[in-house]
Amino acid sequence: MPKINGNEIRPGNVLEHNDGLWAAVKVDHVKPGKGGAFAQVELRNLRNGSKLNERFRSADKVERVRLEQKDQQFLYEDAGMLIVMDTETYEQVQLPAELLGERRPFLQDGMTIVVEFYDEEALNATLPQKVTCKVVETEPVVKGQTAANSFKPAVLDNGVKVMVPPFIAQDEDIIVNTETMEYSERA
């Protein structure tokens, strides 16, 4: 594993610190008037989600970890576990559904997701940035209501509520951004 200086930590880096794997969420470089500069780093534990604020001086060495990213195809869900298949080796793996967090409803059958592994242990899963969903419930279209940039609530086929523009009708397919969980465009 490569060791990096404390001032080389960037958001998104995965570090081995205090016998755990941590992802750097936010990094602030602080130069106080007295004493040496340091990096104030907000870390998130990849195994249990706990957060930690840590200071690293430029002389401090930290272990940077590289995660292996693999494309996995979602097959089905069983008792809170997601069953996915490696698209290259066709090997099936079980992942806890909590890896996706609030984005879990956007996971669809046959969808390809990116799973990050560290020594055969799955630590993170990422959905495609845009997913097509059907609007199952929304207010009817009202003509002439275009004066302001207004949005109306809509319920999607997966149960998620999003705000959509007034021209979107019921039973229409829309594309949702899975990172912001907001309406993106018509399908």
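The structure presented is a predicted model; accordingly, all values stated were derived computationally and were not measured.

Conventions and cut-offs
- Residues numbered from 1 in each chain as written.
- Predicted model: local features only at pLDDT ≥ 70, side-chain atom pairs only at ≥ 80, totals over all residues.
- Heavy atoms only, no water.
- UniProt positions renumbered as here; feature names shortened; annotations may be inferred.
- Helix = DSSP H or I, 4+ residues; strand = E, 2+ residues; numbered from the N terminus.
- Salt bridge = Lys/Arg side-chain N within 4 Å of Asp/Glu carboxyl O.
- Buried < 20%, exposed > 50% of the residue type's maximum accessible area, 1.4 Å probe, protein only.
- Pairing = 2+ DSSP bridges.
- Axes fitted to C-alpha atoms, helices over the stretch in contact; angles between N-to-C directions.
- Polar contact = N/O pair within 3.5 Å; in protein donor to acceptor, adjacent residues only side chain to side chain.
- Contact = heavy atoms within 4.5 Å.
- Patch = residues over 30% accessible without salt bridge, like charges linked within 9 Å, V, L, I, M, F, W, Y side chains within 5 Å.
- Areas by Shrake-Rupley, 256 points an atom, 1.4 Å probe, with all protein chains shown as cover.
- Lys, Arg positive; Asp, Glu negative; His and termini not counted.
- Charge placed at Lys NZ, Arg CZ, Asp CG, Glu CD.
- pLDDT = per-residue confidence, 0-100.
- Phe/Tyr/Trp six-rings, centres within 6.5 Å; stacked < 30°, edge-to-face > 60°.
- Lys NZ or Arg CZ within 6 Å of the ring centre and 35° of its normal.

J.: Would you mind showing me how to read the UniProt feature "domain: Translation elongation factor P/YeiP central" (unreviewed entry) in the chain here?
T.: In this structure's numbering, the residues bearing the UniProt feature "domain: Translation elongation factor P/YeiP central" (unreviewed entry) are residues 69–123. Across residues 69–123, the secondary structure splits into 0% helix and 56% strand, with the terminal C-alpha atoms separated by 10 Å.

J.: So what exactly am I meant to see when it comes to the pattern of salt bridges here?
T.: When the charged atoms of two side chains with opposite charge come close together, those side chains can pair. For the structure shown, the criterion picks out nine salt bridges. Lys130 is the salt-bridge partner of Glu185, the closest N and O atoms lying 3.4 Å from each other. Linking Glu185 in strand β16 (residues 182–186) with Lys130 in strand β12 (residues 130–138), this pair joins segments that are 55 residues apart in sequence. Given a relative accessible area of 35%, Glu185 falls into the partly exposed group.

J.: Please clarify how the sheet that holds strand β13 (residues 152–156) should be interpreted in this entry.
T.: Two orientations exist for strands paired in a sheet by backbone hydrogen bonds: parallel and antiparallel. Sheet architecture is open: five strands sit in the order β14-β13-β12-β15-β16, paired in antiparallel fashion. The open sheet has two edge strands, β14 (161–164) and β16, and neither has a second partner. Between one strand axis and the next, the sheet turns through 55 degrees on average, direction left out of account. Where β12 meets β13, three bridges bridge the pair, whose relative direction is antiparallel. The residue of β13 that forms the bridge with Glu137 is Val155.

J.: Looking at this model, I keep getting lost on the side chain of Gln72. Mind explaining?
T.: You can see Gln72 is positioned in strand β7 (residues 68–78). Judged by its relative accessible area of 1%, Gln72 falls in the buried class. In terms of polar contacts, Gln72 uses its side chain to reach the backbone amide nitrogen of Asp86, at 3.2 Å. Sequence-distant contacts of Gln72, that is, excluding residues within four places in its chain, are made with Val84, Met85, Asp86, Thr87, Val93, Met111, Thr112, Ile113, Val115 and Phe117.

J.: Just checking my understanding: could you explain a negative patch on the surface for this structure?
T.: A surface patch of like charges, here negative, comprises Glu68, Glu91, Asp119 and Glu120. By secondary structure assignment, the location of Glu120 is in the loop between β10 (112–118) and β11 (121–126).

J.: Help me out: how do you make sense of the side chain of Glu63 in this one?
T.: Here Glu63 lies in strand β6 (residues 61–65). There is a polar contact of 3.1 Å between the side chain of Glu63 and the side chain of Lys3.

J.: Honestly, the sheet that holds strand β5 (residues 51–57) in this entry has me stumped. Any pointers?
T.: Overall, antiparallel pairing links the six strands, which are arranged β1-β6-β2-β3-β4-β5 in an open sheet. Taken across any chain shown, the strands that pair with only one partner, and hence form the sheet edges, are β1 (3–5) and β5. For this sheet the average axis-to-axis angle between neighbouring strands, irrespective of direction, equals 50 degrees. Summarising the sheet, strand β2 (residues 14–17) and strand β3 (residues 20–30) pair through four bridges and their orientation is antiparallel. In the strand pairing of β3, Val14 is matched with Ala23.

J.: Sorry if this is basic, but what is going on with the confidence of the model for the chain here?
T.: Regions with low pLDDT should not have their predicted coordinates read in detail. When pLDDT is averaged across the chain, the result is 88; 97% of the residues are at 70 or more. Per-element averaging of pLDDT across the chain places β11 at the bottom with 84 and strand β15 (residues 173–177) at the top with 93.

J.: What exactly am I supposed to notice about the pairing of β12 here?
T.: Working note: regular strand, side chains alternate between the two faces of the sheet. Bridging between β12 and β15 involves five bridges; their strand directions are antiparallel. Looking across to β15, one finds that Lys134 is bridged to Asp173.

J.: Would you mind showing me how to read the packing of aromatic side chains here?
T.: How two aromatic rings sit relative to each other is set out by the distance from centre to centre and by the angle between their planes. Across all of its chains, the model carries zero aromatic pairs by this definition. For the cation-ring pair, Lys70 lies above Phe117, with the distance from its terminal atom to the ring centre recorded as 5.3 Å.

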